[in-house]
Amino acid sequence: MTQSNTQTATKAVTDRQMAAAIRALSMDAVQKANSGHPGMPMGMADVATVLFTRFMKFDPTDSHWPDRDRFILSAGHGSMLLYSLLHLTGYEEMTMDQIRNFRQLGSITAGHPEYGHAEGIETTTGPLGQGLATSVGMAIAERLLNNRYGNDLVDHYTYVIAGDGCLQEGVSHEAIDMAGHLKLAKLIVLWDDNAISIDGATSLSTSTDQIARFAASGWATASVDGHDAEAVARAIEAARKSDRPTFIACKTKIGWGAPNKAGTHKVHGEALGLEEVAAARVFLEWPHEPFVVPENILAAWRAAGSRGAARRKAWEQRLAAAPADVRQKFQSGQDSHVSAAAGKAVLALKEKWAAEKPKLATRQASQKSLEAIYPAVPELLGGSADLTGSVLTRVGSHKSVTPTDFSGDYLHYGIREFGMAAAMNGIALHKGFVPYGGTFLVFADYARPALRLAALMGVRSIHVLTHDSIGLGEDGPTHQPVETLSSLRVIPNMVVIRPADAIETAEAWEAAIANETGPTGLSLTRQALPALRLEHTAENLVMKGAYVLRKVDAPKVTLMGSGSEVSLAVAAAEKLAAEGIAANVVSVPSMELFMKQSREYRKSVLGTAPRIAVEAALQQSWDRFLRDDDVFIGMTGFGASAPAPDLYKHFGITTEAIVDAARKLAK
């Protein structure tokens, strides 16, 4: 088609026809796969059409443009809505063949949107509520960067489509409360208010007034007919002018266009069936074959997709015109390749501590490490879940982020561990910062779904997890995380580091910052630990995962442990030496990093002598290193409330217990 013919054809296309393209692609893809959720994409097609053709700032030719608007499909089961939009607006890799191969092995059109599979997917969604919670982090990052660089470089919105399930999940409360408190005015949530879930009508399980709920959390609210394009447009326009985040309830009919099943739970999570697909084609006035979009309708969509290119180029010109130091700082934040700077700071700190040999709780060593690293890595963005004074995540130069001042660099996430971890994912995905947040290790269970999602997406977030064993003492078994270390260590692509002294803690921070492809958990003590690394070593030994801390010739036994129990192993080795029993001591700060080393290195560290592993936690994660006749000294159940020294003695995690076991093995 010529340009004039394209413009004429585009003008003749209505919003409803453009939305019909989404509906047709969605129902055809789900039908071909015989798997998926057609109801949500068909119900929200009108809303999505308005959003992408009239408001979204994006450029399919540069999906990483930093000042693009972010679109989050929190209701990730409706993934064909997003895939249809990406194809229609011109994302090159989202071909019609990919639409045809929906939910098939090797396709980029997975059952739920997966970050990294295709350009234009801003985050992995599917676990309901997490898209909404992640979007809060993106909106926070936008406000923080806007404060630093101004509207010329950072001025964009975060749009979310959320469903009933997203709002019923508990994390939604943490997210909307945080967003309302911070007055994240550039966050706009469009609720697919269709009153249907898998079991049937939502009235079976909830009677919450969501409008009132969001209003109570400080949001602006609106309610519109989700099938009235002009009403939707007016609501979004008003939201863009609000001084608060906005929640727009879009009243829709799930599966709109399917004449016999629309409005019922039958269109939620299964293919329509060939007869209903045929009937929908008649209802939608869509006489085209499956996976065929008429040229005039596709041209209208491609025109919508192409309008962002000029805005992107204008932004690039503004960036190029900015002072050199501003450009460098902005780009450094976007890249966040900061491990070299962190490494220099850590090296100097290690040399200092090797001379001073401080006795510190590793949470204290963590704070001091941050004090050293932060000036060299201003991209670090700290915070905690209302435990700042305990987890020690704040340094002297930190400034709190508040609803009226986004010039700060420390976030008070409140008692919202899940919300904090999800927001950190959003901050990391947005780019511009390296987020870290703190809580007690036992409360990692509250954050676990977001930790898992960070690992699945391969995004960097650093979790400071203190009070990491029975060593926390009197707070008792509710706060003593005996099983948590093993449960985190089994999450694929998550690195857990449990340092044994101050120097290992500094190295752990360097390792966490260097880990750009997944989350890192730093397991830190409440109680003070003696210095074990007594001489300066330039190499970061924590990055090896495990290493021989005390080496002897011809060892009769190898003692290995992590964190606070390594000092017990060192003391035991000294007692054994006095008895003529030679013992190597192996520090194992990170099993995940150790398993990445060569087989030869692992064999050289573990050796062939009998092994004793000691950790004030359950045994499970140590089994990969222990043979049938080896010994584990640690917890076998929950802890108790008492002073820490009494607990270690009560549960038999002592130097004496290690020595006794070693004597038996060395015979």
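Here the structure is a predicted model, which means the values were calculated and not measured. (Residues numbered from 1 in each chain as written. Predicted model: local features only at pLDDT ≥ 70, side-chain atom pairs only at ≥ 80, totals over all residues. Heavy atoms only, no water.)

### Digging into the side chain of Arg 416
Step number 1: Relative to the helices and strands, Arg 416 is located in the loop between β10 (410-412) and α19 (417-430).
Step number 2: Residue classification places Arg 416 among the buried residues on the basis of a relative accessible area of 15%.
Step number 3: Leave out the neighbours within four places in its chain, and Arg 416 touches Glu 174, Asp 177, Met 178 and Ala 385. (Helix = DSSP H or I, 4+ residues; strand = E, 2+ residues; numbered from the N terminus. Buried < 20%, exposed > 50% of the residue type's maximum accessible area, 1.4 Å probe, protein only. Contact = heavy atoms within 4.5 Å.)

### Describing the sheet that holds strand β12 (residues 462-466)
Within a sheet, adjacent strands bond to each other through the backbone by hydrogen bonds, running parallel or antiparallel.
Step number 1: The strand order across the open sheet built from six strands is β10-β9-β11-β12-β14-β13, with neighbouring strands paired in parallel fashion. A strand with exactly one partner marks an edge of an open sheet, and here the two such strands are β10 and β13 (495-497). Across the sheet, the mean angle from the axis of one strand to that of its neighbour is 20°, orientation sign disregarded.
Step number 2: Examined bridge by bridge, strand β9 (residues 380-384) and β10 share three bridges and lie parallel to one another. In the strand pairing of β10, Gly 382 is matched with Tyr 410. (Pairing = 2+ DSSP bridges. Axes fitted to C-alpha atoms, helices over the stretch in contact; angles between N-to-C directions.)

### Some thoughts on unusual backbone geometry
Step number 1: For Ser 336, which is not a glycine, the phi torsion comes out positive at approximately 55°.
Step number 2: For Ser 336, the position within the fold is in the loop between α15 (324-335) and α16 (339-356).
Step number 3: Judged by its relative accessible area of 5%, Ser 336 is buried.
Step number 4: In this structure, Ala 554 is a non-glycine residue whose phi angle is positive, near 50°.
Step number 5: Mapped onto the fold, Ala 554 is located in the loop between β16 (547-550) and β17 (557-561).

### Considerations on the packing of aromatic side chains
Step number 1: Throughout the structure, instances matching the rule amount to 17 aromatic pairs.
Step number 2: Here Trp 191 and Phe 247 contribute two aromatic rings whose centre-to-centre distance is 5.6 Å and whose plane-to-plane angle is 25°, an arrangement assigned as stacked. You can see Trp 191 sitting in strand β3 (residues 187-193) and its partner Phe 247 sitting in strand β7 (residues 246-251), a full 56 residues away along the chain. Here Trp 191 matches Phe 247 in class, with each residue buried.
Step number 3: An angle of 75° between the planes, with centres 6.3 Å apart, marks the rings of Phe 594 and Tyr 601 as edge-to-face.
Step number 4: For Phe 594, a relative accessible area of 1% translates into the label buried. (Phe/Tyr/Trp six-rings, centres within 6.5 Å; stacked < 30°, edge-to-face > 60°.)

### What to know about α16
Step number 1: Taking 1.5 Å of rise per residue, the 18 residues of α16 would be expected to cover 26 Å, and the 25 Å separating its terminal C-alpha atoms lies within 8% of that figure.
Step number 2: Those residues of α16 lying buried are Ala 342, Gly 343, Ala 345, Val 346, Leu 349, Lys 350, Trp 353 and Ala 354.
Step number 3: On its buried face, α16 is in contact with β8 (360-361), α17 (362-373) and α22 (502-514). (Expected span 1.5 Å × (residues − 1).)

### Side note on the sheet that holds β3
Step number 1: The parallel open sheet is built from five strands, whose spatial order is β1-β2-β3-β7-β6. Edge positions in the open sheet fall to β1 (70-73) and β6 (220-225), since each of these has one partner strand only. Mean inter-strand twist for the sheet, computed between neighbouring axes without regard to direction, equals 15°.
Step number 2: Bridge analysis of β1 against strand β2 (residues 158-162) gives four bridges, and the strand direction is parallel.

### Digging into the pattern of salt bridges
Step number 1: Within the structure shown, the criterion is met by 30 salt bridges.
Step number 2: Note that Glu 142 is salt-bridged to Arg 143, the shortest N-O span being 2.6 Å.
Step number 3: Glu 615 is the partner of Arg 498 in a salt bridge, and the nearest nitrogen-oxygen pair spans 3.9 Å. Highlighted residues: Arg 498 in the loop between β13 and α22 and Glu 615 in strand β19 (residues 611-615), separated in sequence by 117 residues. (Salt bridge = Lys/Arg side-chain N within 4 Å of Asp/Glu carboxyl O.)

### Regarding the pairing of β2
Step number 1: In terms of residue burial, β2 counts as a mostly covered element, since five of its five residues are buried.
Step number 2: Burial along β2 is two-sided: Thr 158, Val 160 and Ala 162 facing one way and Tyr 159 and Ile 161 facing the other are all buried.
Step number 3: Two elements, β2 and β3, share five bridges in a ladder whose sense is parallel. Each residue of the ladder has a partner; that of Ile 161, found in β3, is Leu 190.

### Some remarks on the environment of Val 377
Step number 1: Relative to the helices and strands, Val 377 is located in the loop between α17 and β9.
Step number 2: Relative accessible area serves as the criterion here: at 0%, Val 377 is assigned to the buried category.
Step number 3: Distance from Val 377 to Ala 139, taken between C-alpha atoms, is 22 Å for residues 238 residues apart in sequence.
Step number 4: Excluding residues within four positions of it along the chain, Val 377 makes contact with Val 338, Ala 341 and Ala 342.

### Quick notes on the confidence of the model for the protein
Step number 1: The share of residues in the protein with pLDDT of 70 or more is 98%, and the mean pLDDT across the chain is 97.
Step number 2: Confidence over residues 1-9 falls short of pLDDT 50; this stretch has five contacts with residues more than four positions distant or in other chains. (pLDDT = per-residue confidence, 0-100.)

### A short note on helix α7 (residues 130-149)
Step number 1: Given a rise of 1.5 Å per residue, 20 residues ought to cover 28 Å, and the 28 Å separating the end C-alpha atoms of α7 matches this to within 8%.
Step number 2: In the segment just after α7, Gly 150 is the residue with positive phi, at about 80°.

### Things to note about the environment of Ser 203
Step number 1: If you trace the backbone, Ser 203 turns up in the loop between β5 (200-201) and α10 (210-216).
Step number 2: Along the primary structure Ser 203 and Ala 342 are separated by 139 residues, whereas in three dimensions their C-alpha atoms are 53 Å apart.

### Description of the packing of α16 against α17
Step number 1: Close contact between α16 and α17 brings their axes to 9 Å; oriented N to C, the two are set at 125°. Classified by the angle their axes make, α16 and α17 are oblique. The handedness of the crossing between α16 and α17 comes out as right-handed. Across from Ala 342, Ala 345, Val 346, Leu 349 and Trp 353 in α16, the residues of α17 making contact are Ala 365, Lys 368, Ser 369, Ala 372 and Ile 373.
Step number 2: Across the contact of α16 with α17, the residue classes tally to eight nonpolar, one polar and one charged. (Parallel < 35°, antiparallel > 145°, perpendicular 65-115°, else oblique. Left-handed = near helix turned anticlockwise from the far one by under 90°. Nonpolar A, V, L, I, M, F, W, Y, C, P; charged D, E, K, R; others polar.)

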